[in-house]
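Structural overview
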Amino acid sequence: MQYKHLGRSGLKVSRLALGTMNFGDATDEATSFRIMDDAVEAGINLFDSADVYGGPQSPDMEQGYGISEEIIGRWLAQGGGRRDKIVLATKVYQPMGLGPNDKYLSAYKIRKAAEDSLRRLQTDHIDLYQMHHIDRSTPWEEIWQAMEQLVREGKVTYFGSSNFAGWQIATAQNAAIHRNFMGLVSEQSLYNLTARTIELEVIPAVRHYGLGLFPWSPLGGGLLGGVLKKHQEGRRSSPEMQKTIEQLRPQLEAYENLCDEIDEQPADVALAWLLHNTALTATIVGPRTPEQLATSRRALDVTLSDDTLAKLDKIWPGPGGEAPEAYAW
C-alpha cells in the first residue's frame with residue numbers, strides 16, 4: 001500500500017480509502033466486517049463514513065440513519081487493536097431527525113451529532129470529522145467555536161470539508177486563521193473523468209491552503225467501470241443509468257476501447273487517472289463485496305503514459321484548466 005500525508009498535516013493515510021456508504025444497505029453486516037478485515041490486511045487505514053449512511057430510511061426517519069457507523073462500531077468492538085490500525089473519518093450536516101435542529105452545522109447540531117457518532121462508532125474519538133456540505137446560514141465563528149470545543153475535549157483530531165466550493169474553502173480557512181486554529185486539512189469532492197469541474201477552483205484552493213483531497217464517486221456511479229459490457233447488471237440497469245449510457249455512448253466506447261488497447265480494466269484506469277493527480281491524497285472506493293475491494297487495489301500498480309493521459313483528456317475533456325486561465329488570461 002502507498003501512503004501520503006493528509007494535506008499539510010503530519011498524518012499519513014493510504015492512497016485508497018475505504019468508503020462505507022454501502023454498509024447496512026447494499027452490503028450486510030457480515031460482509032461489511034469481511035471487507036473491513038480485508039482492507040486492514042491490505043494496508044488501507046483510512047475508513048470514511050457519515051452519520052447519515054446506512055440504507056433506506058423509514059418515513060418517520062427513525063430507522064436507517066447511522067447504520068453504517070453502527071456496523072463499524074461493532075467491528076471495532078471486537079478488539080484486536082482494530083481502532084489503532086485505522087484513521088476513522090465520518091461526517092456531519094445531513095438531517096438525522098425531524099426536528100428543526102436535526103440538520104446543518106449549528107453549534108447545537110455539531111455537539112449532538114458528534115456525541116451520537118461516537119456512541120454508534122463505539123470509540124472515544126473521531127480522527128477526521130468532515131462537514132458533509134456547506135451551511136449557508138451558520139456563521140464560521142459559531143462553527144469553528146463548536147469544532148474547537150470538540151478538540152479540547154479530545155473527541156476530534158482533524159477537520160475536513162466535503163462538497164465545498166473553492167471560495168468556501170478560502171472563507172473557512174481565513175476564519176480559522178483569525179482564531180489561531182488549524183481549520184480544514186481535507187476536502188472531499190465529486191471528481192472523476194466524467195466530472196472535472198473542481199479543476200477550476202477547488203483544486204487550486206486545496207493546493208493553496210494545504211488540504212488533502214479525496215474524490216468521491218471515482219467511477220462516475222459505475223459509468224467508468226466497463227459499463228457497456230455490464231449495462232444489465234445491478235444499478236446499471238436502471239432507466240436513469242440507461243439514459244445516461246446512451247447519452248455518453250460515443251465517449252464510453254472510445255474509453256473502453258482505449259482501456260482494451262493498454263490492456264487494463266476500465267475501473268483500474270479511472271482510479272489510476274485520479275491517483276496520477278498530485279493534488280489528490282487518496283481516492284475513496286466503496287466496495288459492496290470483498291471481491292470489489294480486491295479488484296480496486298490493482299489501480300495502485302497501473303502507470304498511465306503521457307500518451308494515454310492525453311487520449312483520456314480528449315475523450316473526457318475537463319473545464320480547460322484552472323480559473324481564470326481556463327476562460328480568461
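The structure reproduced in this document is the subject of the present report. (Residues numbered from 1 in each chain as written. Predicted model: local features only at pLDDT ≥ 70, side-chain atom pairs only at ≥ 80, totals over all residues. Heavy atoms only, no water.)

A look at the overall build of the chain
- In terms of regular secondary structure, the chain is built from 12 helices and 10 strands.
- For the chain, whose C-alpha radius of gyration is 20 Å, the value lies close to the compact-globule estimate of 20 Å for 329 residues.
- Taking all 329 residues of the chain together, 53% fall into the buried category.
- For the chain, the proportion of contacts with a sequence separation of at least 24, taken over those separated by at least 6, is 74%.
- Summed over its atoms, the accessible surface of the chain is roughly 15000 Å², and 49% of this surface lies on carbon and sulfur atoms. (Helix = DSSP H or I, 4+ residues; strand = E, 2+ residues; numbered from the N terminus. Rg over C-alpha atoms; globule rule 2.2 N^0.38 Å. Buried < 20%, exposed > 50% of the residue type's maximum accessible area, 1.4 Å probe, protein only. Contact = heavy atoms within 4.5 Å. Areas by Shrake-Rupley, 256 points an atom, 1.4 Å probe, with all protein chains shown as cover.)

Focus on the packing of helix α4 (residues 107-121) against helix α5 (residues 140-152)
- Where α4 meets α5, the axes come as close as 9 Å, and the angle between the chain directions of the two elements is 30 degrees. Regarding the angle of α4 to α5, the classification is roughly parallel. For the crossing formed where α4 meets α5, the hand is right-handed. Contacts between α4 and α5 involve Ala 107, Ile 110 and Ala 114 from the first element and Glu 142, Ile 143, Ala 146, Met 147 and Leu 150 from the second.
- Each residue belonging to the contact of α4 with α5 can be placed in one class, and the counts come to 7 nonpolar, no polar and 1 charged. (Axes fitted to C-alpha atoms, helices over the stretch in contact; angles between N-to-C directions. Parallel < 35°, antiparallel > 145°, perpendicular 65-115°, else oblique. Left-handed = near helix turned anticlockwise from the far one by under 90°. Nonpolar A, V, L, I, M, F, W, Y, C, P; charged D, E, K, R; others polar.)

A look at the packing of helix α10 (residues 266-276) against helix α12 (residues 306-315)
- The interhelical angle for the contact between α10 and α12, taken along N-to-C directions, is 105 degrees, at an axis separation of 12 Å. By the angle class used here, α10 and α12 are roughly perpendicular. Each of Val 269, Trp 273 and His 276 in α10 lies in contact with α12, whose residues at this interface are Leu 309, Leu 312 and Asp 313.

What about the pairing of strand β5 (residues 87-92)?
- Burial analysis of β5 places 6 of its 6 residues in the buried class, the great majority of the element.
- On β5, burial covers both faces: Val 87, Ala 89 and Lys 91 on one face and Leu 88, Thr 90 and Val 92 on the other are all buried.
- Relative to β5, strand β4 (residues 46-48) runs parallel, the two sharing 3 bridges. Among the inter-strand pairings, Leu 46 is bridged to a residue of β5, identified as Val 87.
- With 4 bridges joining them, β5 and strand β6 (residues 126-131) adopt parallel strand pairing. Bridging from a neighbouring strand, Ala 89 pairs with Leu 128 of β6. (Pairing = 2+ DSSP bridges.)

Details of the nonpolar core
- In this structure, Leu 18, Met 36, Tyr 129, Met 131, Trp 144, Met 147 and Tyr 255 are the most contacted members of the largest nonpolar core, which totals 82 residues.
- Among the elements that take part in this core, α10 stands out by supplying 7 residues, more than any other.
- Setting aside anything within four residues of it in sequence, one finds Met 36 in contact with Leu 18, Phe 23, Phe 47, Ile 71, Ile 72 and Trp 75. (Core = buried A, V, L, I, M, F, W, Y, C linked by side-chain atoms within 4.5 Å.)

Quick notes on the pairing of β6
- Counting buried residues along β6, 6 of its 6 residues qualify, which places the element largely inside the surrounding structure.
- Regarding topology, α4 serves as the crossover connection from β5 to the parallel β6, and that connection is right-handed.
- As paired strands, β6 and strand β7 (residues 156-162) are joined by 5 bridges and run parallel to one another. Paired with Ile 126 across the bridge in β7 is Val 156.
- In the classification by handedness, the crossover that spans β6, the intervening α5 and the parallel β7 is right-handed. (Right-handed = clockwise from strand over helix to strand, strands pointing away.)

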